[in-house]
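# Coordinate analysis (summary)
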Amino acid sequence: MKVRKKELDNLAEIIVKWIYIIVVCVFIALFYGYFVLGENIANAILAAGIILIFILFIRKYMALEQKNSTAKIPFVLFLLTFITRYSYCNFAGKYITQVSDFALTLSEAQSGLFTDALGYYRFYLHKFLYPFILHTVHMRSQPEILFFQCICVSLCAVVIYYIGLKAADYKAGILAAAIYIMWPAQIVYTQIITEEHIAALLMAVTVLGVICIFKRLEAVESFQSADGKIAVIESCIAGGAGGLCAFFKDWALVIYTALIICAIYALIRFNKAQRVFLCICVLIIFFFRGIVQGGITYMAEAKLQIEANNGVIIIQMYATLDPNASGGYNEALNSEYAQMAAENNFDFEETNRIALGILKEKISRDFDKLPELLLRKGKDAYANDDAMFWWALEAEAGEEFKSQFPGLYPALIYLDNIFYTAVVLCMIACVFFTRNKYIFFILLCILGGGMVSLLVESQGRYKYSIEPLWCLPSAYAICSLCRLKAGTIVSWIQLCENRCQRRL
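I will try to describe carefully the structure that is included in this document. It should be emphasised that the depicted structure is a prediction, and the values quoted were computed from it without experimental measurement. (Residues numbered from 1 in each chain as written. Predicted model: local features only at pLDDT ≥ 70, side-chain atom pairs only at ≥ 80, totals over all residues. Heavy atoms only, no water.)

### With respect to the packing of aromatic side chains
- Tallied over the entire structure, the rule returns 41 aromatic pairs.
- Each ring, one from F82 and one from F147, has its centre 5.6 Å from the other, and the planes form 85°; the classification is edge-to-face. Separated by 65 residues along the polypeptide, F82 in helix α3 (residues 73–93) and F147 in helix α7 (residues 142–167) bring together distant segments of the chain.
- Given the relative accessible area of 33%, F147 is considered partly exposed.
- Linked through ring pairs, F31, Y32, Y34, F35, W183, Y382, F419, Y420 and W470 together constitute an aromatic cluster.
- Looking at R122, its charged tip hangs above the ring of F346, at a distance of 4.0 Å from the centre.
- A cation sits over an aromatic face here: K463 above Y382, 5.7 Å from the ring centre. (Phe/Tyr/Trp six-rings, centres within 6.5 Å; stacked < 30°, edge-to-face > 60°. Helix = DSSP H or I, 4+ residues; strand = E, 2+ residues; numbered from the N terminus. Buried < 20%, exposed > 50% of the residue type's maximum accessible area, 1.4 Å probe, protein only. Lys NZ or Arg CZ within 6 Å of the ring centre and 35° of its normal.)

What follows is the structure, encoded as structure tokens:
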């Protein structure tokens, strides 16, 4: 009887595993293949050639064994990231002027008033914390804030390396960090004064925390295991980081959703002690997220003396999921939501309920227009990184910059389009190497981030703070391809030829 139960458990594990893999791989290939590669066939061909040359170039180095200590690697990666970002910010700083929300962030960090923008913070409370922190730590001028942001993104590179180290090996970690360091849009966007730079760091920390928890739990053998107790402590960190994410850009919701999906599979293959610790860890993550999020919300509302909304997804759904809307920023519908909130005395729970009811009616009435809207939103958000360059080199750059460096903007756009397409190609290739469960978890987070873009305002810059995560599956794919032997590739080609001949 026990043998039969074990066989059924193994069968269930295999079935669930392959359902997960097939679903995620298909959706990633379709999502990024359509929205990115479908619009850039020429770039995709060029990027594929560059990837092949790169793989051939580094193939022999990938075969080398680790001989020296890797203790200095994080410091080197931090330094390289900081040099590239800060050098660029020093170069561009004298030519740029912050605009739109970024100008407000700089102004509030300088003045520390905050009460002069209550109408803004009432609807977008997550925009309050960053300028408040900057003012509190005396980072109040543009050069000082850019320096601080360079520190944040440099730490992000280090965390990306550690994720790669934990998920695969130190080679994948170094390569992932190198991809991040060289990414043109990630360099240029550092000049924008925005909370998204901290969001990128917190996103990476949260992902690293979840992976560390799962690795600890896999080593648990009994309820007395030290690894289980350490996993509980790491859960507090992952939950706290996720709570902070809510006040920068809330990728934690996507990461936690991926965590729950992976936890369902883990519960099938874990032993009793592991299952108990896993449930405890998940509960602690959500508990600490709630504590941190609630505490900061209370502090912010007390400081501003208002009842505020810290969830912009309903606002953005109302303004961008209307089948007759553009999918991008919609001032008229945003104002309509604000009017509803005022009429309900800024009771956002009631306002959100009414807004969702109206949105449901609009979608029901023009449901046939929704697919076209979603496809348009996906392309606007994910076709390329052009929006990041537009804000940095068009909206913020002064006339002196544009006249002195007229060719820089188009050159960077072209270079980044190739780089961006290459990263996406590698990420899609990674779906064929998803035997690594941690890379699978990262792919799930990336897919979730893409799906969110279909719900919220479709701006190409919004993916900035989750793009560092793309570097990991891309690096893993390159490492996997570099390890393939020539005979394996020939065997694959012969297998494809044989199948084609049988069909003919």
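### Structural notes on a nonpolar patch on the surface
- Side chains of W18, I19, I22, V23, V26, F27, L30 and M451 sit close together on the surface and give an oily, nonpolar patch of about 740 Å² of accessible area.
- When residues in the nonpolar patch are grouped by element, the largest group, seven residues, is from helix α1 (residues 2–35).
- Looking at the element boundaries, V23 is found in helix α1.
- Residue classification places V23 among the partly exposed positions, given a relative accessible area of 40%. (Patch = residues over 30% accessible without salt bridge, like charges linked within 9 Å, V, L, I, M, F, W, Y side chains within 5 Å. Areas by Shrake-Rupley, 256 points an atom, 1.4 Å probe, with all protein chains shown as cover. Salt bridge = Lys/Arg side-chain N within 4 Å of Asp/Glu carboxyl O.)

### Looking at the environment of L80
- Structurally, L80 is set in helix α3.
- Sequence separation between L80 and A178 is 98 residues, and the spatial gap between their C-alpha atoms is 9.0 Å.

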